[in-house]
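# Coordinate inspection notes
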Amino acid sequence: MTDKEWMQLELSRMVKAEGGKVSVERMTEIVSELNQRLRENPNLPREENAPTADELIARARQTTGEERYQIIKEALRIEPDNITAACMAVEYLAKNADDRVRHYEDLTRKATARLEAEGMFSAENIGKFWSMPATKPYMFLRLSYIDALAEARKLRLAAKECEEMLRLSENDGLGRRYQLMFIYATIEEGDAAIKLYQRYEEGVAMMYLPLAMLFYRLGKMKMARNFLNELAAVNHDTEAFFARGAAGDLPRRAPGRHAGSFAIGTMEEFGEAVTDNRFAFVGMEAFFEWGLSELRGEQEHG
């Protein structure tokens, strides 16, 4: 492959990765970047038969442990700024929950600076991030950072990250509003929770359950009862779920099932909530006992 052919191929690939349309300024930046890569490695066009970073990532997903990490290292050698590969490396390199947070914080900071330099954080793009193909790896990175913060019980930091993701993606294609609601319930942020509920106006279990938990914890039992009744109205397995919670046998996402692949209005929906928000259910046995009594009509109201 000639240098010119390589340039044309790479230019087409990068424009496609950014949604198929780029400004004249961005096109100039891409060409400059490709020329720089060619100057740094004049043999690049002759290496085209070598696997791409994306092909190596796909291969790495079929392996585990050290083998996976070595493949990811090769992907990062080819494409040092590949966010997906960098995230996969973190899962191998992190020594513990707090170290995982540190790795993702560093990655997020660097990726944000790079996108800002590329003009992706322009006012016209804010709120549309998930709908823009070029931003999807970045949004998945921020999602991984939130999960790391939640796992380390750094919930106020996780809430701030969720809020930032909702600012960048108003339609919330990754469903962070539900995780944020469970975080608000856990850190007892009543006002923020109500604002979030009013913002999306969704009558779904993933909203009603954390709101019932929140107002139970705040001692606002009338509101807790109202949200519990709303929950029972949208999921027919609510009583069975509360019975399992009271017994310390909370459901989880079925093995092999992907996140989001649950049947709404069933126990699977509750399993999804528990799996993705374990932090919110720690020490909540009394809540489930109260809720079960309410659902069975056994609770006396003063």
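Everything numeric in this text was worked out from a predicted model, so none of it was measured. (Residues numbered from 1 in each chain as written. Predicted model: local features only at pLDDT ≥ 70, side-chain atom pairs only at ≥ 80, totals over all residues. Heavy atoms only, no water.)

## A few points about helix 8 (residues 155–168)
- The first and last C-alpha atoms of helix 8 sit 20 Å apart over 14 residues, in line with the 20 Å expected at 1.5 Å per residue.
- Those residues of helix 8 that are buried are in contact with helix 7 (136–151), helix 9 (176–187) and helix 10 (190–200). (Helix = DSSP H or I, 4+ residues; strand = E, 2+ residues; numbered from the N terminus. Expected span 1.5 Å × (residues − 1). Contact = heavy atoms within 4.5 Å.)

## Overview of unusual backbone geometry
- With phi around 60°, E188 is a residue other than glycine that occupies positive phi space.
- Locating E188 in the fold gives a position in the loop between helix 9 and helix 10.
- If you check the backbone angles, E201 has positive phi at about 50° while not being a glycine.
- Inspection of the secondary structure assignment puts E201 in the loop between helix 10 and helix 11 (205–217).

## Description of the packing of aromatic side chains
- One pass over the full model with this rule turns up 20 aromatic pairs.
- With a centroid separation of 5.8 Å and 40° between ring planes, the pair formed by F182 and F281 is classed as tilted. Placement of the pair is F182 in helix 9 and F281 in the loop between helix 14 (267–276) and helix 15 (285–295), with a sequence separation of 99 residues.
- Here F281 falls in the buried class, since its relative accessible area comes to 7%.
- Taken together through their ring pairs, the aromatic side chains of F182, Y216, F241, F242, F270, F281, F287, F288 and W290 make up a single cluster.
- Above the ring of W130, the side-chain terminus of K136 is found at 3.7 Å from the ring centroid.
- We note R177 situated over the ring of Y200; from NZ or CZ to the ring centre the distance is 5.0 Å. (Phe/Tyr/Trp six-rings, centres within 6.5 Å; stacked < 30°, edge-to-face > 60°. Buried < 20%, exposed > 50% of the residue type's maximum accessible area, 1.4 Å probe, protein only. Lys NZ or Arg CZ within 6 Å of the ring centre and 35° of its normal.)

## Here we look at the nonpolar core
- With 69 residues, the main nonpolar core has L209, F241 and F281 as its most contacted residues.
- In terms of residues, this core owes the most to one element, helix 11, which gives 10 residues.
- Non-local contacts of L209, meaning those with residues more than four positions away in its chain, are made with F182, L231, F241, F242, F270, A273, F281 and F287.
- I57, I72, A75 and A89 belong to the second-largest nonpolar core, a separate cluster that totals 11 residues. (Core = buried A, V, L, I, M, F, W, Y, C linked by side-chain atoms within 4.5 Å.)

## Some words on the state of the cysteines
- The full count for this structure, using the stated rule, is zero disulfides.
- Of all cysteine sulfurs, the one in C162 lies closest to C87, which takes part in no disulfide; the gap is 16 Å.
- Looking at C162, the relative accessible area reads 0%, which means it is buried. (Disulfide = S-S within 2.5 Å.)

## Quick look at the pattern of salt bridges
- This structure, assessed with the given rule, holds 20 salt bridges.
- D81 is the partner of R114 in a salt bridge, and the nearest nitrogen-oxygen pair spans 3.6 Å. Placement of R114 in helix 6 (residues 97–117) and of D81 in the loop between helix 4 (65–78) and helix 5 (83–93) is noted, with a sequence separation of 33 residues between them.
- The class of R114 is partly exposed, set by a relative accessible area of 23%.
- R156 serves as the salt-bridge partner of E189, at 2.9 Å between the closest nitrogen and oxygen. Taken as a pair, E189 in the loop between helix 9 and helix 10 and R156 in helix 8 lie far apart in primary sequence, 33 residues in all.
- When salt bridges that share partners are traced, they join D106, R109 and K110 into one network. (Salt bridge = Lys/Arg side-chain N within 4 Å of Asp/Glu carboxyl O.)

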